[in-house]
Amino acid sequence: MKLSNVIIIFLALSLTSLFADITYEGARAVVGSYIEILGASAIVAGLLGLGEFLGYLMRYISGLISLKIKSSKIFWLMIILGYTINLFSVPFLAFANEWIFVLMLMYLERIGKGLRTPLRDVLIAEVSESFGKGKGFGIHEFLDQVGAISGPLIIAWILFFTNSNYFIAFISLFIPALISLFFLFFAFFKMPKIKSVEVNEKFNNQLNEKFWLYTIFICILSLVFIQWNLVSYRLKHEGILNDSMIALMYMLAMLADALIAIPAGILYDKYGLKTLYSLPLLILFSTIVLILSQEVTLIVIAILIWGSINALYEINTRAAISDLVELKYRGYAYGTFGLFLGISMMVNGIVYGYIYTYFKDLIIPLTLILSLISIIFLKMK
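Predicted, not measured: the structure shown is a model, and the values here were computed from it. (Residues numbered from 1 in each chain as written. Predicted model: local features only at pLDDT ≥ 70, side-chain atom pairs only at ≥ 80, totals over all residues. Heavy atoms only, no water.)

## Remarks on the overall build of the protein chain
Secondary structure assignment for the protein chain yields 15 helices and zero strands. Counting only C-alpha atoms, the protein chain reaches 55 × 45 × 30 Å along its principal axes. In the protein chain, which comprises 381 residues, the share counted as buried stands at 60%. Sequence separation of at least 24 residues holds for 87% of the intrachain contacts in the protein chain that already meet a minimum separation of 6. When the accessible area of the protein chain is evaluated, it comes to approximately 15,100 Å², of which 71% is carbon and sulfur surface. Each charge sign in the protein chain was given a centre, from 27 positive and 23 negative side chains, and these centres are 9 Å apart. (Helix = DSSP H or I, 4+ residues; strand = E, 2+ residues; numbered from the N terminus. Buried < 20%, exposed > 50% of the residue type's maximum accessible area, 1.4 Å probe, protein only. Contact = heavy atoms within 4.5 Å. Areas by Shrake-Rupley, 256 points an atom, 1.4 Å probe, with all protein chains shown as cover. Lys, Arg positive; Asp, Glu negative; His and termini not counted. Charge placed at Lys NZ, Arg CZ, Asp CG, Glu CD.)

## Comments concerning helix 8 (residues 174-190)
Here helix 8 spans 25 Å end to end across 17 residues, near enough to the 24 Å set by a 1.5 Å rise per residue. Every buried residue belonging to helix 8 is among Pro176, Ala177, Ser180, Leu181, Phe183, Leu184, Ala187 and Phe188, and all of these are buried. Looking down the long axis of helix 8, one finds its buried residues gathered within 165° of arc, a one-sided arrangement. Exposed residues pointing more than 90 degrees away from the buried face of helix 8 are listed as Ile175, Leu178, Phe182 and Phe189. (Expected span 1.5 Å × (residues − 1). Arc of directions from axis to C-beta.)

## Some words on the packing of aromatic side chains
Counting across every chain of the model gives 24 aromatic pairs. On the numbers, 5.4 Å between centres and 65° between planes, the contact of Trp76 with Phe188 is edge-to-face. Of this pair, Trp76 sits in helix 4 (residues 72-88) while Phe188 sits in helix 8, placing them 112 residues apart in sequence. Phe188 matches Trp76 in its accessibility class, with the two residues each being buried. Note on Phe211 and Trp212: the rings are 5.1 Å apart at their centroids and 80° apart in plane angle, and the pair reads as edge-to-face. The class of Trp212 is partly exposed, set by a relative accessible area of 32%. One aromatic cluster in this structure is built from Phe88, Phe92, Phe95, Phe167 and Phe174. Of note, Arg116 hangs over the ring of Tyr83, and the distance from its end group to the ring centre comes to 4.1 Å. (Phe/Tyr/Trp six-rings, centres within 6.5 Å; stacked < 30°, edge-to-face > 60°. Lys NZ or Arg CZ within 6 Å of the ring centre and 35° of its normal.)

Put into structure tokens, the structure is as follows:
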């Protein structure tokens, strides 16, 4: 395939992600504060983490199915179905007047994302091989985060000028959802055949020791890394920031993610997984500040670090897995990694929601111990 066609397909997939992020990151920026308005507790905010588990479980199922798929058309059909579920669950939050319905829609949104993400990452890895997977995932993450910045900014603007009218905020997200699907179909028509899907060779080794050590390291870190749902709930519940400012803080985190993305991708191509050595300390600091501090300036700094951590997660995770496993097993590896990461994030959401409510004094020793354990596995790898 000509490099010009590769770049066009790569940009189409990246723009698909950009407008998808406007849709669901716009909602995720304020869903914690929204369920607080609906009368839910911090434990319910933590239960949003169950959606992450369901999404990552679906990633595993999707990756497992990818081993059996020999048809590029079926592969694309699963991606399109995943995006459709992922995107159109979000605007229906406008009609959710009880927190239980919010949870159901957010779970459905995560399931849709889980279905399409491993398969989408296979496409990104394949089209970016000609110019560097680290740079490819870095550029993709940058454009992805342009959407993640725009979504919360749009929602913050709507909430500010409508006196916190969440119905208008959520219903407006139908527009970027439709644009995202347009670019996805464009990519499909430009690249109907996927090389890794139609590989017929048999492989003896599926997932090696390095893959598993890497997975354990990231999962332990994910037990420490606080989720935004609980952060936004806490900022609203304790009256630290108002609704529109909470959305702007999330936008600020996504801006930090975007600015770090391309440099992080270039560094990955040069240094590989050594770029992860700073993660345990950064996660430890951001989690403690975001869940305990009352100082707004310190919270803003922690939010910037939190967003930067997201960039390292997204780029290194996807690029590394494509390097650690055989071509045919990429989808399966992404899905398997996602399953364990989802379990970790679910436990994180439930445990931190409970500890925030009843045992705040445990947060510092818990995060410190888990951070130290993660370093052990990083050294082993």
